[in-house]
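Each chain, written out:
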2 protein chains.
Amino acid sequence: MPLVVQKYGGTSVGDADRIRAVADHVARTRRAGAEVIVVVSAMGKTTDDLIRLAGEVSSVQPPREYDMLVSSGERISTALLCMALAELGVLASSFTGSQAGIVTDTDHTKAKIVDIRAGRLTEALQAGKVPVVAGFQGVSTERDVTTLGRGASDLTAVALAAVLGADVCEIYTDVTGVFSADPRVVPDAHKLSRVSFEEMLEIAAAGGRVLHLRSAEFARNHNVPLQVRSSFTWEPGTWIVEEDTSMEQAVVTAVIHDTSQAKVTVGGVPDKPGIAARLFRSLADVSVNVDDIVQNASVHGTTDISFTVPRTDLKTAVEVAGRLVEDLGADDVTSDEDVAKVSVIGAGMKSHPGVTATMFETLAEEGINIDLISTSTIRISCIVRMEDVERAVRALHRAFELA
Amino acid sequence: MPLVVQKYGGTSVGDADRIRAVADHVARTRRAGAEVIVVVSAMGKTTDDLIRLAGEVSSVQPPREYDMLVSSGERISTALLCMALAELGVLASSFTGSQAGIVTDTDHTKAKIVDIRAGRLTEALQAGKVPVVAGFQGVSTERDVTTLGRGASDLTAVALAAVLGADVCEIYTDVTGVFSADPRVVPDAHKLSRVSFEEMLEIAAAGGRVLHLRSAEFARNHNVPLQVRSSFTWEPGTWIVEEDTSMEQAVVTAVIHDTSQAKVTVGGVPDKPGIAARLFRSLADVSVNVDDIVQNASVHGTTDISFTVPRTDLKTAVEVAGRLVEDLGADDVTSDEDVAKVSVIGAGMKSHPGVTATMFETLAEEGINIDLISTSTIRISCIVRMEDVERAVRALHRAFELA
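Residues numbered from 1 in each chain as written. Chains lettered and ligands numbered in written order. Predicted model: local features only at pLDDT ≥ 70, side-chain atom pairs only at ≥ 80, totals over all residues.

## Things to note about the overall build of chain A
Put simply, the test is: Runs of H or I in DSSP of at least four residues are treated as helices and runs of E of at least two as strands, each being numbered from the N terminus. For the radius of gyration, the atom set is restricted to C-alpha positions; the globular benchmark scales as 2.2 Å times the number of residues to the power 0.38. Three classes are used. A residue is buried when 20 or more other C-beta atoms lie within 10 Å of its own, exposed when 12 or fewer do, and partly exposed in between, with C-beta atoms placed from the backbone.
In terms of helices and strands, chain A carries 12 helices and 22 strands. Against the compact-globule benchmark of 22 Å for 403 residues, chain A has a radius of gyration of 22 Å, which places it among compact chains. Oriented by its inertia axes, the alpha-carbon framework of chain A measures out at about 75 × 50 × 35 Å. Counting over 403 residues, chain A shows a buried share of 50%.

Printed below as a string of structure tokens:
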């Protein structure tokens, strides 16, 4: 009997009706002859509401307590979904991250999975039950409740699929799949029926919100067959697949933009070994996720180092960099929140060197100034002004003929 | 250093301001030189909201899933209180029932504590922290989340106080103590500075909502010094003490009423051995809490058995009794939701036999009909019509000169 892991995001279980719709789909999947493990997020904006409440209560939020707080929303949705399944005659049992055997390190709010002891889930499957697992959370080696970072319910699903050898991991969300650009910005963006893991990783890293970055990485590393689908239309979604080198590849697959980042620049840094290492080690020590890093060529023995971070980490990043300015012998730290990133992504780019030029020409024709540039073998990203980013996405989508 | 267990009910942690006020009181208790363990309920109506949501999702609510659902509210308040304490510079750690080592049987929604393994709490105390424990919940011997029944956060507090040898267990609520009658019904009711465990048990059993019945029993059996206090005024409350036989005792201490019960009557029951046993065993098997039981004298070889149950258990009780009617050879089952109970309680009653007569005379003078009567050595209870109960309380409070 095939084993399917289905993950439902917050909008998919947003109210009582949605939970019943999900239960119905799980029941149909069972009737079609599959074993099912379900992973759920917290209902709708529950987690945001809890975070806001925490802000009202205290300006000091110890990470261990933050995790205890925000992990409660998923418990609620697991229990409610099990009740809805019970009404349909489907045996189901809810499991917290801890009960599901998801063991993590002790890095609260951003914990990493170190082990999965899925004995209780396999027992439930053997008893003919549907295990319903609380996403986004685990239990630390110190026996405390941990969370895996915002959006990491996908990771729970992918990790369970890997460990239990699932035949497919279906990520249900409020969009019907991965698009060539955000359809809210580019109305004629089209749904991709397949996208390679490599591309998906770059799409996620570039800010495409469909799939959580660490989840895509994990799925790739563990060969988990992955499909992103809509729980509102139930139509076939986008498969995330191993790259098929026998086929002709699109030069550019998608244009992705991200408005959640901010830019930090450390100016006048002495051009000598070890400086960047100290800066980024200090940022890593306080768990700031640095995205792009750009260092300009050295002029007169000093250089500037710019990097982007999630806007939520900006305050911490500026503080850490500020403390280091004197130590490093640098001039100053500046930051800019009014920026956005636009990226073009495509596995075919590896054998088509003209893409970079086309991208820069397109932005130049639109009169859009480029602030930073970073590239990988299958992605080119530019930091532009926030007010230019949607125009940039539309122009690039046209230029690479993605409509 | 004295050890104080403080329990805060739902209204005491009802919003961000209330949580900060509680944190402030905990910090003051610490500064006064005591070690503190805190037990909290869910904020305000959180648990009621979750139960309503479950009703919207499904008519079938497996008890295991119900417990997973309703236990989440306490997690939220523990984490928020720890954050508020952190802002005041007080080290604190939240603990779920499971993390606090509260091991229960597997009788979901009404689980009984079978063991307390408080190692993590004593470690936290030794590390100079305030453990903040989620009330009302534990982990079963099957490693599932259980709850101890509505209102059982008091039980969590009392049980921890007993196991850890606390010097006092303070139950903070929205009233300032135990009163001679409900002040909303009897404006000149007065606060009792001390009440014996025996009286407190009868007050709780009679429907006095100040302290949870099983908690009062547990406190008595384990000699836990208990005080009921207000978290709104912080004024001294009511001590629950061992009966002091050297003192002259009030004949009647309090008049308590309860409007949460319903009455079931099984009519025309053959008057032979084993009938009552079968009926009440069947009710116990489905965890219906039967309160008063009255069996009238046998007439023509048959009798009527009446009993009261919490109104929430009425449907189940009527179904169970109905199934037994044929088996038992009884006539029928009738039920009445429009009833209420009024009780007079007093340790001095043991040596003052006139109390019963005074009670019945008082009700008769008010023209209030008595439906059922039950008594203990220090309590007399009458079931009356719902619309008569407040008048009965006021008349009895006057008659026994409690103002």
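## Some thoughts on the relation of the copies chain A and chain B
For clarity, the cut-off: Copy-to-copy alignment: least squares on C-alpha atoms, limited to residues at pLDDT 70 or above in both. In this description, any two residues whose backbone-derived C-beta atoms lie within 7 Å of each other are considered to be in contact.
Once chain A has been moved 0.0 Å along the axis and rotated by 180 degrees, it coincides with chain B to within an RMSD of 0.1 Å. In short, the pair behaves as if placed about a two-fold rotation axis. Residues of chain A ranked by C-alpha distance from the rotation axis are headed by Ser72(A), positioned 2.8 Å from it. When the interface residues of chain A are mapped onto chain B, 100% of them again lie at the interface, so the same face is used by both copies.

## Things to note about the sheet that holds strand E18 (residues 302–310) of chain A
Residue and element names in this part refer to chain A. Worth spelling out the cut-off: For two strands to count as paired, DSSP must find a minimum of two bridges between them. Lines fitted to C-alpha atoms define the axes here, with helix axes fitted over just the stretch in contact, and angles between the N-to-C directions of these axes take values from 0 to 180 degrees.
Pairing is antiparallel in the open sheet, where 4 strands are placed in the order E17-E18-E16-E19. Among the strands making up the open sheet, the edge pair consists of strand E17 (293–295) and strand E19 (332–336). With strand direction ignored, the average angle separating the axes of adjacent strands in the sheet is 15 degrees. Strand direction decides the pairing type here: strand E16 (residues 261–270) and E19, joined by 5 bridges, are antiparallel. In the strand pairing of E19, Thr265 is matched with Thr334. Sheet contacts for helix H9 (residues 275–285): E16, E17 and E18; angle to E16, the most-contacted strand, approximately 145 degrees.

## Quick word on the pairing of strand E9 (residues 168–173) of chain B
Residues and elements named next belong to chain B. Of all the 6 residues making up E9, 5 are buried; the element is thus mostly covered by neighbouring parts of the structure. Pairing geometry for strand E1 (residues 3–8) and E9, over 5 bridges, is parallel. Across the sheet, residue Tyr8 finds its bridge partner in E9, namely Tyr172. Strand direction decides the pairing type here: E9 and strand E13 (residues 226–230), joined by 5 bridges, are parallel.

## Some thoughts on the packing of H9(A) against helix H10 (residues 314–328) of chain A
Residues and elements named next belong to chain A. Quick reminder of the rule: By definition, turning the near helix anticlockwise from the far helix through less than a right angle yields a left-handed crossing, and turning it clockwise yields a right-handed one.
One way to put it is that H9 packs onto H10 with a least axis distance of 10 Å and a crossing angle of 150 degrees. The handedness of the crossing between H9 and H10 is right-handed. In contact with Ile275, Arg278, Leu279, Ser282 and Leu283 of H9, H10 contributes Ala317, Val320, Ala321, Leu324 and Leu328.

## A word on helix H4 (residues 72–87) of chain B
Filter applied, for reference: To estimate the expected span of a helix, subtract one from its residue number and multiply by 1.5 Å.
Taking 1.5 Å per residue, 16 residues should reach 22 Å; H4(B) reaches 24 Å between its end C-alpha atoms and fits that length. Positive phi appears at Gly89(B), one or two residues downstream of H4(B), with a value of about 80 degrees.

## Observations concerning the environment of Phe400(A)
Residue and element names in this part refer to chain A. On the secondary structure map, Phe400 appears in the segment after helix H12 (389–399). The class of Phe400 is buried, set by 22 C-beta atoms lying within 10 Å. Put simply, Phe400 and Val255 are 145 residues apart on the chain and 9.1 Å apart in space, counted from C-alpha to C-alpha. Discounting residues that sit within four places of it in the chain, Phe400 has contacts with Val251, Val252 and Val344.

## Regarding unusual backbone geometry
Positive phi outside glycine occurs at Asn223(A), with the angle close to 50 degrees. Within the chain, Ser287(A) stands out as a residue other than glycine whose phi angle is a positive 60 degrees.

## Some details on the nonpolar core
To keep it simple, the criterion reads: Put simply, a nonpolar core is a cluster of buried Ala, Val, Leu, Ile, Met, Phe, Trp, Tyr and Cys residues tied together by C-beta atoms within 7 Å.
If you look at the biggest cluster of nonpolar residues, it comprises 248 residues, and the most contacted ones within it are Val38(A), Leu81(A), Val38(B) and Leu81(B). Aside from chain neighbours lying at most four places away, what touches Val38(B) is Gln6(B), Tyr8(B), Val26(B), Leu81(B), Val130(B), Val132(B) and Val133(B).

## Regarding the sheet that holds strand E22 (residues 379–385) of chain B
Residues and elements named next belong to chain B. Judged by pairing direction, the sheet is antiparallel, and its 4 strands sit side by side in the order E15-E20-E22-E21 without closing on themselves. Each edge of the sheet is formed by a strand with only one pairing partner; in this case those strands are strand E15 (254–258) and strand E21 (372–376). Each strand axis lies, on average, 20 degrees off the axis of its neighbour in the sheet, ignoring direction. Of the pairings in the sheet, the one linking strand E20 (residues 339–345) to E22 comprises 7 bridges and is antiparallel in character.

## A closer look at the interface of chain A and chain B
How large an interface is tends to be reported as the accessible area lost when its parts come together. To keep things clear, this is the line we draw: Residue polarity is assigned by list, with Asp, Glu, Lys and Arg as charged and Ala, Val, Leu, Ile, Met, Phe, Trp, Tyr, Cys and Pro as nonpolar; anything else, Gly included, falls into the polar class.
Each partner contributes residues to the interface: chain A has 32 residues there, and chain B has 32 residues. Elements with a contribution of two residues or more to the side of chain A that touches chain B: helix H1 (16–31), helix H2 (46–57), helix H3 (63–70), helix H4 (72–87) and strand E3 (92–95) of chain A. The biggest single contributor to the side of chain A that touches chain B is H4(A), with 11 residues. Here the side of chain A that touches chain B is built from residues that sort into 17 nonpolar, 8 polar and 7 charged.

## What to know about the packing of helix H1 (residues 16–31) of chain B against H4(B)
All names here are of chain B. For clarity, the threshold we go by: An angle below 35 degrees is read as roughly parallel, one above 145 as roughly antiparallel, one from 65 to 115 as roughly perpendicular, and any other as oblique.
Remark: H1 packs on H4, axes separated minimally by 9 Å, with the N-to-C direction vectors making an angle of 60 degrees. In terms of orientation, H1 and H4 fall into the oblique class. The handedness of the crossing between H1 and H4 comes out as right-handed. Between H1 and H4, the residues in contact are Ile19, Arg20, Val22, Ala23, Val26 and Ala27 and Leu80, Leu81, Ala84 and Leu85, respectively. Looking at the contact of H1 with H4, its residues break down into 9 nonpolar, no polar and 1 charged.

## A few points about helix H9 (residues 275–285) of chain B
Residue and element names in this part refer to chain B. This is how the line gets drawn: Directions from the helix axis toward the C-beta atoms define the arc.
Along H9, the positions that sit buried rather than exposed are Ile275, Leu279 and Leu283. Each buried residue of H9 sits inside an arc of 60 degrees when the element is viewed along its axis, so together they form one side. Projecting away from the buried face of H9 at angles above 90 degrees are the exposed residues Ala277, Arg278, Arg281, Ala284 and Asp285. Residues of H9 that are buried make contact with strand E16 (261–270), strand E18 (302–310) and helix H10 (314–328). Just past H9, the residue Ser287 takes up positive phi, approximately 60 degrees.

## Topic: the environment of Tyr8(A)
Residue and element names in this part refer to chain A. Considering the arrangement of structural elements, one finds Tyr8 in strand E1 (residues 3–8). Accessibility expressed as a C-beta count within 10 Å gives 29 for Tyr8, which makes it buried. On a C-alpha basis, the gap between Tyr8 and Thr78 in space is 11 Å, while along the polypeptide they are 70 residues apart. Each residue touching Tyr8, except ones within four places of it in the same chain, is listed here: Val13, Val22, Val38, Val40, Ser41, Tyr172 and Ser231.

## Brief notes about the confidence of the model for chain A
The line we're drawing: Scored between 0 and 100, pLDDT is the confidence that the predictor attaches to each residue.
Overall, the predicted model of chain A reaches an average pLDDT of 92, with 98% of residues at or above 70. Both scores are available for the predicted complex, with the pTM at 0.81 and the ipTM at 0.80.

## Overview of the environment of Ala347(A)
Topologically, Ala347(A) is positioned in the loop between strand E20 (339–345) and helix H11 (355–365). Since 23 C-beta atoms lie within 10 Å of it, Ala347(A) is described here as buried.

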